[in-house]
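# Summary of structural features
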Amino acid sequence: MGLQACLLGLFALILSGKCSYSPEPDQRRTLPPGWVSLGRADPEEELSLTFALRQQNLERLSELVQAVSDPNSPQYGKYLTLENVADLVRPSPLTLHTVQKWLLAAGAQKCHSVITQDFLTCWLSIRQAELLLPGAEFHHYVGGPTETHVVRSPHPYQLPQALAPHVDFVGGLHRFPPTSSLRQRPEPQVTGTVGLHLGVTPSVIRKRYNLTSQDVGSGTSNNSQACAQFLEQYFHDSDLAQFMRLFGGNFAHQASVTRVVGQQGRGRAGIEASLDVQYLMSAGANISTWVYSSPGRHEGQEPFLQWLILLSNESALPHVHTVSYGDEEDSLSSAYIQRVNTELMKAAARGLTLLFASGDSGAGCWSVSGRHQFRPTFPASSPYVTTVGGTSFQEPFLITNEIVDYISGGGFSNVFPRPSYQEEAVAKFLSSSPHLPPSTYFNASGRAYPDVAALSDGYWVVSNRVPIPWVSGTSASTPVFGGLLSLINEHRILSGRPPLGFLNPRLYQQHGAGLFDVTHGCHASCLDEEVEGQGFCSGPGWDPVTGWGTPNFPALLKTLLNP
């Protein structure tokens, strides 16, 4: 059947399922551990689905990201507005007309677009959705530490072939909410306490990274920062206030969040949500802070996707965003991962600094055709974000040099090729590292991460009014690094310069200037006879465990202040 016939028969195709294709044949649909099915959803129940419409001019967008992010470019710092981005990527009139006509014929109601017009979120009954997407069969599921309820399809969906040039994927069918990898480690044993610290607090971070009491926001600029949470977890204002009373006495700070985007539940506070807010606001002290809290949460929605959609619908956003979300690359469809990468590229074009945690599984491990390989995570592996790894103190109770935290995520993407900005650094690592794993374990030509690191071991957090020690994970290092970049943005804004934007091209050009190089330690990987649980090891310069290293604030400020 030809394309014209497909277009003429869209409504008939909804019912017949002929002339169709699967946009996400490679999306993993197995039930994550800890989730159970509660059975089929009621046909009259309503759910919301998100349609990712095909964008235009993505090569041009990529060129513009390079131009505004490269200090050697005359376009450096001349970021695009959301409206500029919309003019560039907006789907074609044919795409918009074809998709709207198809949805209207199916009875989709209450469809909402965004400024960039490349997402449509619609409400349908389960009956309508299953007719619209042949093969889909919606069930209720419950799982995760907070007993989250979602509606998902365990079977692949089809779309009419006529939509292949117009729709990237449909969100809200397969992907389950992420779970936290944050952990509380046992307290190290120590004898005597003279001159020792008893866990990482804001004062420990400020001492290690050479911040003075003057290194805080001025309160007079339009500078702002944000963290995003997708775990159905919430922070409590009372926990933040108590945290600042306990640990924020020696620097100026704000004791409340400026804006919450999304739903702040009334349940118990989550440790990860508490950690993100408390350490972003104590590292980036006295700077206006937003929290994206499971934005747009509904049983049919994917919280991370909803966050990306919000970015495409807000003209004025915080300059720095820290995110602790990640999935294994292999668990995501190619259509989804490429489209999310484009959304991250859109953010980079607008001068947003996006920091993602590198993950807490070291190099990771999975079996492919009976052979072990390392397992990269996304969006940590996106070439358009700055990825943050983790370190520990060499002496656990002394503010000393840092070594690798063995959980620090890192490695090489199996999806994205190595970007040009890191070509020299990665090639040097691969040619000089004395402890390189066998080449069959990783894709040496892929985007390598992390880019930087910070302490990730032994944090104090206040959650549900209780101080909790020894919380560890790159979910801790990411807001710390983000807060310090916000302080640098403060200096840039007050001196009439644009915010830092997408940091990586500059970071790699400057060869890690302003960072403490972490040269000792290896992270975890496959427990087999060949690598024996050891992944990559750190060394001089950049490495795929701690990137270029951890922040030395005065030197980093000097390095990043001009131009």
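This structure is a prediction, so every number in the text was calculated from the model and none was measured. (Residues numbered from 1 in each chain as written. Predicted model: local features only at pLDDT ≥ 70, side-chain atom pairs only at ≥ 80, totals over all residues. Heavy atoms only, no water.)

### Structural notes on the state of the cysteines
We count it as follows: Disulfide assignment relies on a single distance test, namely cysteine sulfur atoms paired within 2.5 Å. Strands here are runs of E lasting at least two residues and helices are runs of H or I lasting at least four, both read from the DSSP assignment and numbered beginning at the N terminus.
Going through the model one piece at a time under the given rule, you end up with 3 disulfides. Residue pairing for Cys111: its cysteine sulfur links by disulfide to Cys122, the two sulfurs lying 2.1 Å apart. Measuring the twist about the S-S bond at about 115°, one finds the Cys111-Cys122 disulfide to be right-handed. Remark: Cys122 occurs in strand S5 (residues 119–125) and Cys111 occurs in strand S4 (residues 109–112); sequence separation between them is 11 residues. Two residues, Cys365 and Cys526, share a disulfide whose sulfurs are 2.1 Å apart. Its torsion about the S-S bond being 110°, the disulfide of Cys365 and Cys526 is classed as right-handed. Taken as a pair, Cys365 in the loop between strand S16 (353–357) and strand S17 (366–368) and Cys526 in the loop between strand S28 (522–524) and strand S29 (534–537) lie far apart in primary sequence, 161 residues in all.

### Quick look at the pattern of salt bridges
Here is the rule: Here a salt bridge means any side-chain nitrogen of Lys or Arg lying within 4 Å of a carboxyl oxygen belonging to Asp or Glu. Note on classification: 1.4 Å probe, protein chains only; a residue is buried when its accessible area is under 20% of the maximum for its type, exposed when over 50%, partly exposed between these limits.
Considering all chains together, one arrives at 21 salt bridges under this definition. With its nearest N and O atoms 3.4 Å apart, the salt bridge here joins Glu46 to Lys110. Of this pair, Glu46 sits in strand S3 (residues 46–53) while Lys110 is found in strand S4, placing the two residues 64 residues apart along the sequence. Relative accessible area serves as the criterion here: at 38%, Glu46 is assigned to the partly exposed category. Using a relative accessible area of 48% as the deciding quantity, one classes Lys110 as partly exposed. Of the charged contacts in the structure, one is a salt bridge between Arg375 and Asp330, with a shortest N-O distance of 2.8 Å. Within this pair, whereas Arg375 is found in the loop between strand S18 (371–373) and strand S19 (377–378), its partner Asp330 is found in the loop between strand S15 (327–328) and helix H11 (334–349), the two being separated by 45 residues in sequence. Residue Asp330 is classed as partly exposed on the basis of its relative accessible area, which comes to 23%. Three or more residues joined by partner-sharing salt bridges are found here, namely Arg54, Asp118, Asp168, Arg339, Glu343 and Lys346.

### Overview of unusual backbone geometry
Here Phe378 and Pro379 are connected by a cis peptide whose omega angle stands at 10°. Here the residue pair Asn562 and Pro563 is connected by a cis peptide bond, since its omega of 0° sits within 30 degrees of zero. With respect to the helices and strands, Pro563 occurs in the segment after helix H15 (553–561). Of note, the phi angle at Trp470 is positive, near 60°, even though the residue is not glycine. Within the element layout of this structure, Trp470 appears in strand S26 (residues 466–472). Accessibility expressed as a relative area gives 10% for Trp470, which makes it buried.

### Things to note about the UniProt feature "binding site: Ca(2+)" (unreviewed entry) in the chain
As a reminder of what qualifies: UniProt positions are given in the numbering used here, feature names are shortened, and annotations may be inferred rather than shown by experiment. By the convention used here, residues are in contact when the closest approach between their heavy atoms is within 4.5 Å.
Following the UniProt record, the feature "binding site: Ca(2+)" (unreviewed entry) maps to Asp517, Val518, Gly541 and Asp543 here. A maximum C-alpha distance of 9.7 Å among these annotated residues, which run over 27 residues, shows that they cluster at one spot. With respect to the element layout, Asp517 can be found in the loop between strand S27 (515–516) and S28. For Asp517, a relative accessible area of 37% gives the class partly exposed. Discounting chain neighbours no more than four positions away, the residues touching Asp517 are Gly539, Pro540, Gly541 and Trp548. Filtering out sequence-adjacent residues up to four positions away, Val518 remains in contact with Thr391, Glu402, Ile403, Val404, Ser538, Gly539, Asp543, Thr546, Gly549 and Thr550.

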